[in-house]
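# Observations on chain architecture
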Amino acid sequence: AQKVTQAQTEISVVEKEDVTLDCVYETRDTTYYLFWYKQPPSGELVFLIRRNSFDEQNEISGRYSWNFQKSTSSFNFTITASQVVDSAVYFCALRDDKIIFGKGTRLHILP
Amino acid sequence: DAGVIQSPRHEVTEMGQEVTLRCKLISGHNSLFWYRQTMMRGLELLIYFNNNVPIDDSGMPEDRFSAKMPNASFSTLKIQPSEPRDSAVYFCASSPHSPANEKLFFGSGTQLSVL
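Residues numbered from 1 in each chain as written. Chains lettered and ligands numbered in written order. Predicted model: local features only at pLDDT ≥ 70, side-chain atom pairs only at ≥ 80, totals over all residues. Heavy atoms only, no water.

## Points about the layout of surface pockets
Each pocket or cavity is described by its volume, and for the largest pocket that value is around 660 Å³. Lining the largest pocket we find 32 residues, and of these A:Gln39, A:Val89, A:Arg106, B:Gln37 and B:Met39 sit closest to its centre. Among the secondary structure elements, those contributing two or more residues to the lining of the largest pocket are strand S10 (88-95) and strand S12 (105-110) of chain A together with strand S4 (31-38), strand S9 (88-95) and strand S11 (110-114) of chain B. At four residues, the largest contribution of residues to the lining of the largest pocket is made by S12(A). Residue classes in the lining of the largest pocket are distributed as eleven nonpolar, 17 polar and four charged. There is about 290 Å³ of room inside the second largest pocket. If you go around the second largest pocket, you meet 13 residues; those closest to its centre are A:Ile100, A:Phe101, B:Arg41, B:Leu43 and B:Glu44. Within the residue set of the lining of the second largest pocket, elements represented by two or more residues are strand S1 (3-5) and strand S11 (99-101) of chain A together with strand S5 (42-50) of chain B. In terms of residues, the lining of the second largest pocket owes the most to one element, S5(B), which gives three residues. Looking at the lining of the second largest pocket residue by residue, the class counts come to six nonpolar, two polar and five charged. (1 Å grid on protein atoms, 1.4 Å probe; cavity = no way out; pocket = protein on both sides within 12 Å on 5 of 7 lines; lining within 4 Å. Points joined across faces, edges and corners; volume = space filled by probe spheres on them. Helix = DSSP H or I, 4+ residues; strand = E, 2+ residues; numbered from the N terminus. Nonpolar A, V, L, I, M, F, W, Y, C, P; charged D, E, K, R; others polar.)

## So, the packing of aromatic side chains
Scanning the model with the defined rule gives 20 aromatic pairs over all chains in all. Here A:Tyr64 and A:Trp66 contribute two aromatic rings whose centre-to-centre distance is 6.0 Å and whose plane-to-plane angle is 85°, an arrangement assigned as edge-to-face. For the pair A:Tyr64 and A:Trp66, one class covers both residues: buried. Note on B:Tyr35 and B:Phe106: the rings are 5.9 Å apart at their centroids and 45° apart in plane angle, and the pair reads as tilted. One end of the pair, B:Tyr35, is in strand S4; the other, B:Phe106, is in strand S10 (residues 105-106), and 71 residues separate them in sequence. Owing to a relative accessible area of 13%, B:Phe106 belongs among the buried residues under this scheme. The structure contains a cluster of three or more aromatic residues connected by ring pairs, namely A:Phe35, A:Tyr37, A:Phe47, A:Phe91, A:Phe101, B:Phe33, B:Tyr35, B:Tyr48, B:Phe91 and B:Phe106. (Phe/Tyr/Trp six-rings, centres within 6.5 Å; stacked < 30°, edge-to-face > 60°. Buried < 20%, exposed > 50% of the residue type's maximum accessible area, 1.4 Å probe, protein only.)

## Overview of the side chain of A:Thr105
Residue and element names in this part refer to chain A. Note that threonine 105 resides in strand S12. The exposure class of threonine 105 is buried, given its relative accessible area of 0%. Polar contacts involving the side chain of threonine 105 include one to the main-chain carbonyl oxygen of glutamine 8, which spans 2.6 Å. With sequence-adjacent residues up to four places away left out, threonine 105 is seen in contact with Gln6, Gln8, Thr9, Ile11, Leu21, Ala88, Val89 and Tyr90. (Polar contact = N/O pair within 3.5 Å; in protein donor to acceptor, adjacent residues only side chain to side chain. Contact = heavy atoms within 4.5 Å.)

## With respect to the state of the cysteines
Residue and element names in this part refer to chain A. With the rule as written, the count across this model stands at two disulfides over all chains. Here cysteine 23 pairs with cysteine 92 through a disulfide, and the sulfurs are 1.9 Å apart. Classification of the bridge connecting cysteine 23 and cysteine 92 rests on its S-S torsion, roughly -65°, and on that basis the disulfide is left-handed. A residue pair is termed long-range when its members are at least 10 positions apart, and cysteine 23 in the loop between strand S3 (19-21) and strand S4 (24-26) and cysteine 92 in strand S10 qualify at 69 residues. (Disulfide = S-S within 2.5 Å.)

## Some words on the interface of chain A and chain B
Every contact between the two is made by 18 residues of chain A and, on the other side, 25 residues of chain B. Approximately 1800 Å² of surface area, both sides summed, lies buried where chain A meets chain B, with 55% of it carried by carbon and sulfur atoms. Three residues, A:Leu45, A:Arg95 and A:Lys98, lead the burial of chain A against chain B; their summed loss comes to 29% of the area buried on that side. The salt bridge partner of A:Lys98 is B:Asp56, with a shortest N-O separation of 2.8 Å. (Buried area = accessible area lost by both parts, 1.4 Å probe. Salt bridge = Lys/Arg side-chain N within 4 Å of Asp/Glu carboxyl O.)

## Side note on the pattern of salt bridges
Residues and elements named next belong to chain B. Enumeration over the complete set of coordinates arrives at twelve salt bridges over all chains. For arginine 36, the salt bridge is made with glutamate 44, and the minimal N-O distance between the two is 3.3 Å. Given the relative accessible area of 10%, arginine 36 is considered buried. Exposure remark for glutamate 44: the relative accessible area of 15% places this residue in the buried category. Where salt bridges share partners, they join Glu62, Arg64, Glu83, Arg85 and Asp86 into one cluster.

Next up, the structure:
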């Protein structure tokens, strides 16, 4: 069965600090896809990144980076030099056919 | 493209009333997902469709909930009768069914309050 675990319910850091959001997943499929979405206070769900199970290359996009490790079934997300605008709920998701989301991590960036 | 369109944005109703939430998919998308978001349970998948056919409704809480796709571009989620514990934000999302790595495109959600 599919499962996505985001063990960190809530994190607070001071602006400019780096922060890593953890995501651990479970699936029996060999082909699957992983996603991160951001939900700012306005409520919409914003796509950040997708990764397929055959591509373990880490990715960097500006201040955002993602570390995919199949050996530990993890797909962690790091924000470098955090900013107040990064304050949001972040969801990790797994797709084989349907898409299952973790419960989210609420990130507070304090000025 | 206008994106996924949900209506209404907000719904306040009394316990026992019927509630219908609506969703218009992005043109060309053939997978449709309904999610419910609450503080306690996060984003729960209620049901999803491929090509208008319900594939997995195991997340539908109980028989009071039903979902339909009367055509390829439109879906409804109905709660009858509604209860206060149904209060949540309901999102629908669409994507192409293939390739399976496609991301979901979410609507803005319907904030439902059942008094």
